[in-house]
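# Results of the structural survey
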Amino acid sequence: MTEVTEKRPTVLVVDDEEDLRDIMRRMLERRGFDTLVAADSEQAIEVCRDHQGQIDVLVTDLGLPGASGGELSRAATTVRPDMGVIYISGLPKDIAVTKGLIGDDALLVKKPFTSELLIEALRLVIAGKATP
């Protein structure tokens, strides 16, 4: 009988704050996710283009320097159409939607957040129950 190893979901974490990026990376890896990281939109698009394997979910800060997290997600999902998206922000979702940063159907996790909240959002996206 062959042993089937379950594929670990891959998450691309994009945040301009190095400490927060590192904390999220370590937390996700401890919880069974493979992680890729980028400090800005440009690096994130490069990772989307260059990474050989699947990228299941993009977790991006809405307040990135240069292109916003919303602009990044539109560009990244053009390169990786099957990739889910979770936004993180200090802004409440209704304000982010009103400002046109994200769509009404976007999944936003408000800062500060617990690891459980982020993991639950990731599970929803990976299970296909949330839309990017």
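The following paragraphs examine the structure supplied in this document. Everything numeric in this text was worked out from a predicted model, so none of it was measured. The written sequence of each chain sets the order in which its residues are numbered from 1. Thresholds applied to this predicted model are a pLDDT of at least 70 for local features of residues and 80 or more for the giving and counting of side-chain atom pairs; totals over whole chains, interfaces and linings are not thresholded and use all residues. By convention in this description, side-chain values take in all heavy atoms of the structure and omit both hydrogens and water.

Within the protein, the regular secondary structure consists of 5 helices and 5 strands. Working definition: helices are DSSP H or I runs of at least four residues, strands are E runs of at least two. Numbering for both runs from the N terminus. From first element to last, N terminus to C terminus, the protein shows the α and β order β-α-β-α-β-α-β-α-β-α. Radius of gyration here uses only the C-alpha atoms, and the compact-globule reference equals 2.2 Å multiplied by the residue count raised to the power 0.38. At 14 Å, the protein has a C-alpha radius of gyration in line with the 14 Å of a compact globule built from 132 residues. Dimensions of the protein, computed from the C-alpha atoms along their principal axes, are close to 55 × 30 × 30 Å. Counting the 132 residues in the protein, one finds 42% classified as buried. Accessibility here uses a 1.4 Å probe with only protein chains present; expressed as a share of the type maximum, an area under 20% marks a residue as buried, one over 50% as exposed, and anything in between as partly exposed.

Moving on, we come to helix 5 (residues 115–126). Quick reminder: α-helices carry 3.6 residues per turn. Residues three or four places apart thus point the same way. Taking 1.5 Å per residue as the helical rise, helix 5 with its 12 residues ought to reach 16 Å, and the 16 Å between its terminal C-alpha atoms agrees with that figure. Taken residue by residue, helix 5 has Leu-118, Ile-119, Ala-121, Leu-122 and Val-125 as its buried positions. Down the axis, helix 5 shows its buried residues gathered within 160° of arc, on one side only. The contact criterion used is simple: two residues touch if any of their non-hydrogen atoms lie within 4.5 Å. At its buried positions, helix 5 is contacted by strand 1 (10–14), helix 1 (18–30), strand 3 (57–61), strand 4 (84–89) and strand 5 (108–110). Helix span, as expected, comes to 1.5 Å for every residue beyond the first. Each C-beta atom gives one direction from the helix axis, and the arc is the one those directions make.

Here we come to the sheet that holds strand 2 (residues 34–38). Read from one edge to the other, the open sheet built from 5 strands follows the order 2-1-3-4-5, with strand pairing classed as parallel. One side of each edge strand has no neighbouring strand; the edge strands of this open sheet are strand 2 and strand 5. Averaged over all neighbouring strand pairs, the angle between strand axes comes to 20°, with direction disregarded. Whether two strands pair depends on DSSP finding at least two bridges between them. Pairing between strand 1 and strand 3: 4 bridges, direction parallel. Bridging across to strand 3, Val-14 finds its partner in Thr-60. Axis lines are fitted to C-alpha atoms, over the contacting stretch for helices. Their N-to-C directions set the angle, which ranges from 0 to 180 degrees. Against the sheet, helix 5 touches strand 1, strand 3, strand 4 and strand 5, its axis set at about 155° to strand 4.

Before going further, it helps to spend a moment on unusual backbone geometry. Geometrically, the link from Lys-111 to Pro-112 is a cis peptide bond, its omega value of -10° lying close to zero. You can see Pro-112 is positioned in the loop between strand 5 and helix 5.

Here we take up the packing of helix 2 (residues 41–50) against helix 3 (residues 69–79). Helix packing geometry: the angle between the two helix axes and the distance between the axes. Their axes nearest at 9 Å, the elements helix 2 and helix 3 cross at an angle of 15°. For the element pair helix 2 / helix 3, the angle class is roughly parallel. Pair helix 2 / helix 3 crosses with right-handed handedness. Note on element contacts: helix 3 touches helix 2 through Leu-72, Ala-75, Ala-76 and Val-79, opposite Ser-41, Ala-44, Ile-45, Cys-48 and Arg-49. Roughly parallel refers to an angle under 35 degrees, roughly antiparallel to one over 145, roughly perpendicular to one between 65 and 115, and oblique to any angle outside these ranges. Two helices crossing with the near one rotated counterclockwise from the far one by less than a right angle form a left-handed crossing, whereas a clockwise rotation gives a right-handed crossing.

It is worth stressing that arrangement in space is one thing and function is another; only the former is reported here.
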